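Structural overview
In case you want the letters, here they are:
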Amino acid sequence: MTNLTKRALVDSLKKLLGRRPLDRITVQDVTDDAAVSRKTFYYHFRDIYDLMEWLVVDECSHFGSPADGSVDWIREVADALNYARENRGWVLNVYQSVEREQLERILHKIVGPYVEAGFDQAVNGRPVAEEDRNFALAIYTHGITGIFLDWVSAGMRSDTVFLEDNLARLFQNSLAGIAERCVVQRSDLDK
């Protein structure tokens, strides 16, 4: 029952976001549309922004999982771009209602595991200095998140194929190169 209730709340918010920005949607609007009580809403979510975050993360959960290490992370990012464009209405309304910093934090939670999976595939179990690994992951996660938010900010006008091709060309091979340069050589381990 709990997941069904969460799903009803998420679906209601998504529907409402198709018509107006998040800052013009109240908890009462969502609960009325979902036919649940405010008490039920607050059992599941702290506030409308918590529900919005759950919506975004949940909507991205249908993409391949980076956990198994076999995911083509660039393909998944490209799929996310296409999904965002297909759901342009609610995506733009979220973007226009939430501070960029909050969106960056949410997107980092989504993009980060894909970048990490790509990095880990490239190093293939070889030792990597943790500091180098964290720095490389941050650069790629920030880069992809920034490109996505800039694209949304511009109204999602540019072609997703163009973005996908550029991401694949620039990020895929460069992440492998960065990962390779982060591998700690045996001679470095002896020092």
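Just so you know, these numbers come straight off a predicted model, no measurement behind them.

With that settled, the discussion passes to the overall build of the protein. Regarding its fold elements, the protein presents ten helices and zero strands. Listed N to C, the secondary structure of the protein is α-α-α-α-α-α-α-α-α-α in terms of helices and strands. Each principal axis of the C-alpha atoms in the protein carries an extent, and together these give about 65 × 35 × 25 Å. Across the 191 residues of the protein, 45% fall into the buried class. Contacts spanning at least 24 positions in sequence make up 74% of the contacts within the protein whose residues lie at least 6 apart. As displayed, the protein has an accessible area near 10400 Å², and 51% of this comes from carbon and sulfur atoms. Across the protein, 23 positive and 30 negative side-chain charges occur, with their mean positions spaced 5 Å apart.

This part is about the packing of helix α6 (residues 88–97) against helix α8 (residues 130–153). At their nearest, the axes of α6 and α8 sit 10 Å apart, and the two run at 100° to each other. When the axis of α6 is compared with that of α8, the two are roughly perpendicular. Of the residues in α8, those touching α6 at Val-91, Leu-92 and Tyr-95 are Leu-149, Val-152 and Ser-153.

This part takes up the packing of aromatic side chains. One pass over the structure, following the stated rule, counts four aromatic pairs. Ring plane angle 85° and centroid distance 5.1 Å describe the contact between Phe-41 and Tyr-42, whose orientation is recorded as edge-to-face. For Phe-41, a relative accessible area of 0% puts it in the buried group. Looking at Tyr-42, the relative accessible area reads 40%, which means it is partly exposed. Seen from their ring centres, Phe-148 and Trp-151 are 5.9 Å apart, and the 50° between their planes marks the pair as tilted.

Opposite charge on two side chains permits them to pair, given that their charged atoms come into close proximity. In total, this model carries 13 salt bridges according to the counting rule given. Between Arg-7 and Asp-58 there is a salt bridge, and its shortest N-O distance comes to 2.1 Å. On the criterion of sequence distance, the pair formed by Arg-7 in helix α1 (residues 2–17) and Asp-58 in helix α4 (residues 48–60) is long-range, its members being 51 residues apart. Lys-109 serves as the salt-bridge partner of Glu-53, at 2.3 Å between the closest nitrogen and oxygen. Taken together, the positions of Glu-53 in helix α4 and Lys-109 in helix α7 (residues 100–123) put the pair 56 residues apart, joining distant regions of the chain. When salt bridges with common partners are traced through the structure, they connect Arg-7, Asp-11 and Asp-58 into a single cluster.

As a further point, take the confidence of the model for the protein. The predicted coordinates should not be examined in detail at positions where pLDDT is low. Looking at the protein as a whole, its pLDDT mean stands at 85, while 91% of the residues score no less than 70. Looking at the elements of the protein, mean pLDDT is at its lowest for helix α10 (residues 186–189), recorded as 48, and at its highest for helix α2 (residues 27–34), recorded as 97.

The element α6 is largely enclosed, with a buried count of seven among its ten residues. Three or more residues of α6 are buried, namely Trp-90, Val-91, Leu-92, Asn-93, Val-94, Tyr-95 and Ser-97.

Rules of the game
Residues numbered from 1 in each chain as written. Predicted model: local features only at pLDDT ≥ 70, side-chain atom pairs only at ≥ 80, totals over all residues. Heavy atoms only, no water. Helix = DSSP H or I, 4+ residues; strand = E, 2+ residues; numbered from the N terminus. Buried < 20%, exposed > 50% of the residue type's maximum accessible area, 1.4 Å probe, protein only. Contact = heavy atoms within 4.5 Å. Areas by Shrake-Rupley, 256 points an atom, 1.4 Å probe, with all protein chains shown as cover. Lys, Arg positive; Asp, Glu negative; His and termini not counted. Charge placed at Lys NZ, Arg CZ, Asp CG, Glu CD. Axes fitted to C-alpha atoms, helices over the stretch in contact; angles between N-to-C directions. Parallel < 35°, antiparallel > 145°, perpendicular 65-115°, else oblique. Phe/Tyr/Trp six-rings, centres within 6.5 Å; stacked < 30°, edge-to-face > 60°. Salt bridge = Lys/Arg side-chain N within 4 Å of Asp/Glu carboxyl O. pLDDT = per-residue confidence, 0-100.

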